[in-house]
Amino acid sequence: MDRLSNTVRPYAWGSTTAIPELLGTAPTGEPQAEMWMGAHPGAPSRLTRPTGTGIGTGTEQALSDIIAADPERELGPAAVRAFGPRLPFLLKLLAAGAPLSLQVHPDLAQARQGYADEESRGIPVDAPHRTYKDANHKPELVCALTPFEGLCGFRRPAEAAALMGALGVDSLKPYVDLLRAHPEEAALREVLTAILSAEPDAMARTVEEAAEAAERLGGAHAPYAQIARHYPGDPGVIAAMLLNHVRLQPGEAMFLGAGVPHAYLDGLGVEVMANSDNVLRCGLTPKHVDVPELLRIVRFEATDPDILRPEASPTGEELYDTPVDEFRLSRYVLPAGGTPVDLTTAAPQILLCTAGGPQTGELTLAPGEAVFVPADETVEVTGTGTLFRATVVI
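Scope of this entry: the structure provided in the associated data block. All of these numbers come straight from a predicted model, not from anything done at the bench. (Residues numbered from 1 in each chain as written. Predicted model: local features only at pLDDT ≥ 70, side-chain atom pairs only at ≥ 80, totals over all residues. Heavy atoms only, no water.)

**A short note on helix 7 (residues 173–181)**
At step 1: Residues of helix 7 that are buried: Tyr175, Val176 and Leu179. In a view along the axis of helix 7, the buried residues occupy a sector of 100°, so they form one face of it.
At step 2: Packed against the buried residues of helix 7 are helix 6 (157–165), helix 8 (184–197), helix 9 (200–217) and helix 11 (236–239). (Buried < 20%, exposed > 50% of the residue type's maximum accessible area, 1.4 Å probe, protein only. Helix = DSSP H or I, 4+ residues; strand = E, 2+ residues; numbered from the N terminus. Arc of directions from axis to C-beta. Contact = heavy atoms within 4.5 Å.)

Listed below in structure tokens is the structure:
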């Protein structure tokens, strides 16, 4: 197996302290938003293999290059048949110090169609108005390491109407009336469309009034006052009121499927996702918002927040069960004096330590350190601590 050297992305919404605290390093004063572990071309992990063990031995190489040189050896024949010659997931530490953009992801058919359409129209893949960066879907799962706040899925229209109506803002009354008068799908679609299509200056005044009222009321309205402090005048502040506000405790998780609007607000977590960059933004961002395409992708249905808790097995593995094959996330909480745990499998794995100092083979991992384990490589874990395991379903 290989100890990974990983890139930390300095996005503006990132916490300045959460990742350094986990790693035991001094904060730089700059935001440290995400640490990427995997073979994504934007920031692939790097590793050095001992001389004589294959490609790149003795020199630091990108994990993506090592996989590309011999995908069946690194990923295993079954994973290559199922997902192609690339690592199909990306594992992250995510540290939100401010709200992320309100967003949705396409399903696989929508991603393929959207990517082919933009390719046929000759839109450069790095153009700011480009929506589909690849032909893959992007389901994702986030597991809280600290208390974690987010938005996930639509509220029932009556609940959203009550939340907005309590603010006493005149310009919100048409949305409140629509939410109360129409069936669920039509109400959610009409109100989100109206919010995102509103005249910008008028919407900015509405957001300002709503934020002031939310600040006064506190309680269930407090998250929206906080969002507005980071994104004054942004229509996403009002759109966020249509969504469920979710609080996760450490060890709890939530899964984000295709078409489900969501945003992370605050906290440190482990995130795993299919290896894609396809994001359609609804707000809370200065980036491009493609309203017609967004409205085509969003699933306008109210849902109860689905908080996942791990399912324990006799082996000590605690699995976060999700309906996708590109990733499988589980956790091991290793007690003092416990028996060794065999993690050998015919699929590629990334093992991430978040507490203690477990040993994987000859390597001891500190919090925030990770290893890549090629398919079929023998791996046994000993010692104490918490270890997250990301792999695939084959």
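There's plenty left to go through after this.
**Focus on the packing of aromatic side chains**
To describe a pair of aromatic rings, you give the distance between the ring centres and the angle between the ring planes.
At step 1: Summed over the entire model, instances satisfying the criterion amount to three aromatic pairs.
At step 2: Consider the rings of Tyr11 and Trp13, whose centres lie 5.8 Å apart with planes at 35°: the pair is tilted.
At step 3: Trp13 sits in the buried class, given a relative accessible area of 15%.
At step 4: When the ring of Phe148 is compared with that of Tyr264, the centres are 5.5 Å apart and the planes differ by 70°; the resulting orientation is edge-to-face. Placement of Phe148 in strand 9 (residues 148–154) and of Tyr264 in strand 12 (residues 262–274) is noted, with a sequence separation of 116 residues between them. (Phe/Tyr/Trp six-rings, centres within 6.5 Å; stacked < 30°, edge-to-face > 60°.)

**A few points about the packing of helix 7 against helix 8**
At step 1: Remark: helix 7 packs on helix 8, axes separated minimally by 8 Å, with the N-to-C direction vectors making an angle of 165°. The angle between helix 7 and helix 8 places the two elements in the roughly antiparallel class. The two elements helix 7 and helix 8 cross, and the hand of that crossing is right-handed. Together, Tyr175, Leu178 and Leu179 of helix 7 and Ala187, Leu188, Glu190, Val191, Ala194 and Ile195 of helix 8 make up the contact between the two elements. (Axes fitted to C-alpha atoms, helices over the stretch in contact; angles between N-to-C directions. Parallel < 35°, antiparallel > 145°, perpendicular 65-115°, else oblique. Left-handed = near helix turned anticlockwise from the far one by under 90°.)

**Re the sheet that holds strand 15 (residues 311–312)**
At step 1: Taken in spatial order, the seven strands line up as 1-22-19-24-17-16-15 in an open sheet, and their pairing is antiparallel. Pairing within the sheet leaves two strands with one partner each, and these edge strands are strand 1 (2–3) and strand 15.
At step 2: In this sheet, strand 22 (residues 370–373) lies alongside strand 19 (residues 349–356) in antiparallel orientation, the contact comprising four bridges. Within strand 22, the residue paired with Ile350 across the bridge is Phe372. (Pairing = 2+ DSSP bridges.)

**Quick word on unusual backbone geometry**
The phi torsion of most residues other than glycine is negative, and most of the peptide bonds are trans.
At step 1: Its identity is not glycine, yet Leu284 carries a phi of approximately 60°, on the positive side.
At step 2: If you trace the backbone, Leu284 turns up in the loop between strand 13 (280–283) and helix 12 (291–297).
At step 3: Residue Leu284 is classed as buried on the basis of its relative accessible area, which comes to 1%.
At step 4: At Asp376, a residue that is not glycine, the phi angle is positive and equals roughly 70°.
At step 5: Assessed through its relative accessible area of 51%, Asp376 is described here as exposed.

**Considering the pairing of strand 6 (residues 89–96)**
At step 1: Extensive coverage of strand 6 is indicated by the burial of eight of its eight residues.
At step 2: The alternating pattern of strand 6 places Phe89, Leu91, Leu93 and Ala95 and Leu90, Lys92, Leu94 and Ala96 on opposite faces, both of which are buried.
At step 3: Looking at chain direction, strand 3 (residues 34–37) and strand 6 are connected through four bridges and run antiparallel. By the bridge assignment, Met37 is partnered in strand 6 with Leu91.
At step 4: Strand direction decides the pairing type here: strand 6 and strand 12, joined by eight bridges, are antiparallel. Across the sheet, residue Phe89 finds its bridge partner in strand 12, namely Ala274.

**Some words on the sheet that holds strand 23 (residues 380–382)**
The strands making up a sheet associate through backbone hydrogen bonding, with each pair oriented either parallel or antiparallel.
At step 1: What the four strands build is an open sheet, ordered 18-23-20-21; its pairing is antiparallel. In this open sheet, the two strands that pair with only one neighbour each are strand 18 (341–342) and strand 21 (363–364).
At step 2: As paired elements, strand 18 and strand 23 share two bridges and run antiparallel to each other. Bridging across to strand 23, Val341 finds its partner in Val381.

By themselves, these figures tell us nothing about what the structure is for.
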